[in-house]
Amino acid sequence: MSTQPPRIYLSPPHLGGQERQFVEEAFQSNWIAPCGPNQEAFEAEMAAYVGAPGALALSSGTAAIHLALRLCGVEPGDTVFCPSLTFIGSATPIQFLGADPVFIDSDPATWNLSPQALERALKEAGQQGRVPKAVIAVNLYGQNADMDAIQKACDKYRVLVIEDAAESLGATYRGKASGTLGKFGIYSFNGNKIITTSGGGMLVSKDTAALDKARYWATQARDPVLHYEHSELGYNYRMSNVLAAIGRGQLKVLDERIAQRRAVFDRYRTALESFEGIEFMPEAGFGTSTRWLTVLTLDRGLSVKPHDIIAALDRENIEARPVWKPLHLQPLFKGCTYHTHADDCNFSENVFERGFCLPSGSNLAPADQDRIIDIVQSVLKRG
Ligand SMILES: *Cc1c(COP(=O)(O)O)cnc(C)c1O
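Residues numbered from 1 in each chain as written. Predicted model: local features only at pLDDT ≥ 70, side-chain atom pairs only at ≥ 80, totals over all residues. Heavy atoms only, no water.

### Quick word on the overall build of the chain
Scanning the chain from terminus to terminus reveals 12 helices and 14 strands. The C-alpha radius of gyration computed for the chain amounts to 21 Å, which stays within 12% of the reference 21 Å derived for 383 residues, consistent with globular compactness. Dimensions of the chain along its principal axes, counting C-alpha atoms only, are 70 × 60 × 40 Å. Among the 383 residues that make up the chain, the fraction classed as buried is 56%. Put simply, 72% of the contacts in the chain that link residues at least 6 apart link residues at least 24 apart. Within the structure as shown, the chain displays about 16500 Å² of accessible surface, and the carbon and sulfur contribution to it stands at 51%. Of the charged side chains in the chain, 37 are positive and 43 negative, and the gap between their average positions amounts to 1 Å. (Helix = DSSP H or I, 4+ residues; strand = E, 2+ residues; numbered from the N terminus. Rg over C-alpha atoms; globule rule 2.2 N^0.38 Å. Buried < 20%, exposed > 50% of the residue type's maximum accessible area, 1.4 Å probe, protein only. Contact = heavy atoms within 4.5 Å. Areas by Shrake-Rupley, 256 points an atom, 1.4 Å probe, with all protein chains shown as cover. Lys, Arg positive; Asp, Glu negative; His and termini not counted. Charge placed at Lys NZ, Arg CZ, Asp CG, Glu CD.)

Right under this line is the structure:
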């Protein structure tokens, strides 16, 4: 009987060592509750890490986007702009509120919201009297969007910007922490993110009054009286004290995790960049990416396609994935408007066809990474 080595995942959790101690403290003090000292401490530590005046710990990044959109005043019938090249969680909260997403293409230079497509879309919306209530700028695969250009375009129409930094905690933009550049920023601690609480999210803002409102909505909108009184629609969206304990331990190793992900990226690049027709996701000059995932593209001219590499890895029990399927191509969003980067450049569709993500965990063993590299190289040589 042959025993296959254990599966290598795209981006598995990687514990630091102190998580257990914080969780143990929660157990010993019986704070197995949706609130508690770890939750408050995790919020304060996150706020300090990113340099935000306030933070709100939530059950998911998606919940954080939902609350941010509601704080922006999004109501049924409104529109919200969102990149097409992103994970579904960026956009579903728009529909939770009965609003319509309008999808914007990404810029080949950053793989994030295209400022020129955004400007065109805003101009058109202005002419139609349908200026969006908010723009969601996503920082894909660990790299920030070009927030100065995005903010400038939005300021012209007084549109608020939400930064979806679910994939970019620890990245920088012109010296500032990713996620702190818009009116609201959100992070995710889902199991596949750079640090995890198994599931969770965080909302940050300079506007602490807005965060207080979100805190109220996130705890069933309980009015401050002894009996249970509710005058607004709320949710059960808080992060539990036990999960916040995991988060506190994870935050202690975040900088180490970023260095490890970047080292994984560097090893792939050194081993694969000499192949004709291969490119790595570029790192924009305005900041540092966490390289949450290592993403590559194959030239259209190559006979090898991303699927060939993904399938070859899967045969060895190794997980690789295509880049996010553009949201304007999702059946759920059929009929939604989509603005391409340029008349002759539909970047999200182009990169979906050519791009794929390799296992990028901060705990990827060098011997396992060598195996992955060997497989990718052998497929490329055959092609
Ligand atoms: C993971 C992710 C989310 C959603 O976060 P959850 O915590 O899983 O709800 C949103 N946007 C992006 C870009 C993500 O990668």
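Okay, back to it.
### Re the sheet that holds strand S10 (residues 278-280)
Here 4 strands make up an open sheet; going across it, the order is S10-S11-S14-S12 and the pairing antiparallel. Single-partner strands in this sheet number two, and they are S10 and strand S12 (321-322). Where strand S11 (residues 294-298) meets strand S14 (residues 355-358), 4 bridges bridge the pair, whose relative direction is antiparallel. Bridge assignment links Val-295 to a residue of S14, and that residue is Cys-357. Each of S11, S12 and S14 touches helix H10 (residues 306-315); the most contacted strand, S14, lies at about 25° to it. (Pairing = 2+ DSSP bridges. Axes fitted to C-alpha atoms, helices over the stretch in contact; angles between N-to-C directions.)

### Some words on the packing of aromatic side chains
Across all of its chains, the model carries 10 aromatic pairs by this definition. Look at Phe-87 and Trp-324: their rings are 5.1 Å apart centre to centre, the planes differ by 45°, and that puts the pair in the tilted class. Within this pair, whereas Phe-87 is found in the loop between strand S2 (79-83) and helix H4 (92-96), its partner Trp-324 is found in the loop between S12 and strand S13 (338-339), the two being separated by 237 residues in sequence. Each ring, one from Trp-111 and one from Phe-347, has its centre 5.8 Å from the other, and the planes form 65°; the classification is edge-to-face. Note that Trp-111 is positioned in the loop between strand S3 (100-104) and helix H5 (115-127) and Phe-347 in helix H11 (residues 347-354), a separation of 236 residues in sequence. Residue Trp-111 is classed as buried on the basis of its relative accessible area of 3%. In this structure an aromatic cluster arises from ring pairing among Phe-87, Trp-111, Tyr-141, Trp-292, Trp-324 and Phe-347. Seen from the ring of Trp-217, Arg-70 lies directly overhead, with NZ or CZ sitting 3.9 Å from the centre. Here the basic side chain of Arg-291 rests over the ring of Phe-265, its NZ or CZ set 3.6 Å away from the ring centre. (Phe/Tyr/Trp six-rings, centres within 6.5 Å; stacked < 30°, edge-to-face > 60°. Lys NZ or Arg CZ within 6 Å of the ring centre and 35° of its normal.)

### Details of the UniProt feature "modified residue: N6-(pyridoxal phosphate)lysine" (unreviewed entry) in the chain
This chain's UniProt record puts "modified residue: N6-(pyridoxal phosphate)lysine" (unreviewed entry) on Lys-193. Take Lys-193: it is sitting in the loop between strand S8 (184-188) and strand S9 (201-205). Not counting the four nearest positions on each side in its chain, Lys-193 is found in contact with Ala-166, Glu-167, Ser-188, Arg-261 and Trp-292. Among the polar contacts listed, one links the side chain of Lys-193 to the side chain of Asn-192, at a separation of 3.5 Å. (UniProt positions renumbered as here; feature names shortened; annotations may be inferred. Polar contact = N/O pair within 3.5 Å; in protein donor to acceptor, adjacent residues only side chain to side chain.)

### A look at the domain arrangement of the chain
The extent of an interface is frequently quoted as the accessible surface area lost upon association of the parts. Domain annotation for the chain reports domain 1 (18-252) and domain 2 (254-381). Taken over C-alpha atoms, the centre of domain 1 sits 25 Å from the centre of domain 2. Across the domain 1 to domain 2 interface the summed buried area is about 4000 Å²; carbon plus sulfur atoms make up 64%. When residues of domain 1 are sorted by the area they lose upon contact with domain 2, Trp-111, Tyr-141 and Ile-194 head the list and together hold 22% of the total. Along the contact surface separating domain 1 from domain 2 lie 26 residue pairs in polar contact (both at pLDDT 80 or more). At the level of elements, H4, S3, H5, strand S6 (172-173) and helix H8 (241-251) are the ones that each hand at least two residues to the side of domain 1 that touches domain 2. With 5 residues, H5 is the largest single contributor of residues to the side of domain 1 that touches domain 2. By residue class, the composition of the side of domain 1 that touches domain 2 is 24 nonpolar, 16 polar and 9 charged. (Domains from an automatic or database assignment. Buried area = accessible area lost by both parts, 1.4 Å probe. Nonpolar A, V, L, I, M, F, W, Y, C, P; charged D, E, K, R; others polar.)

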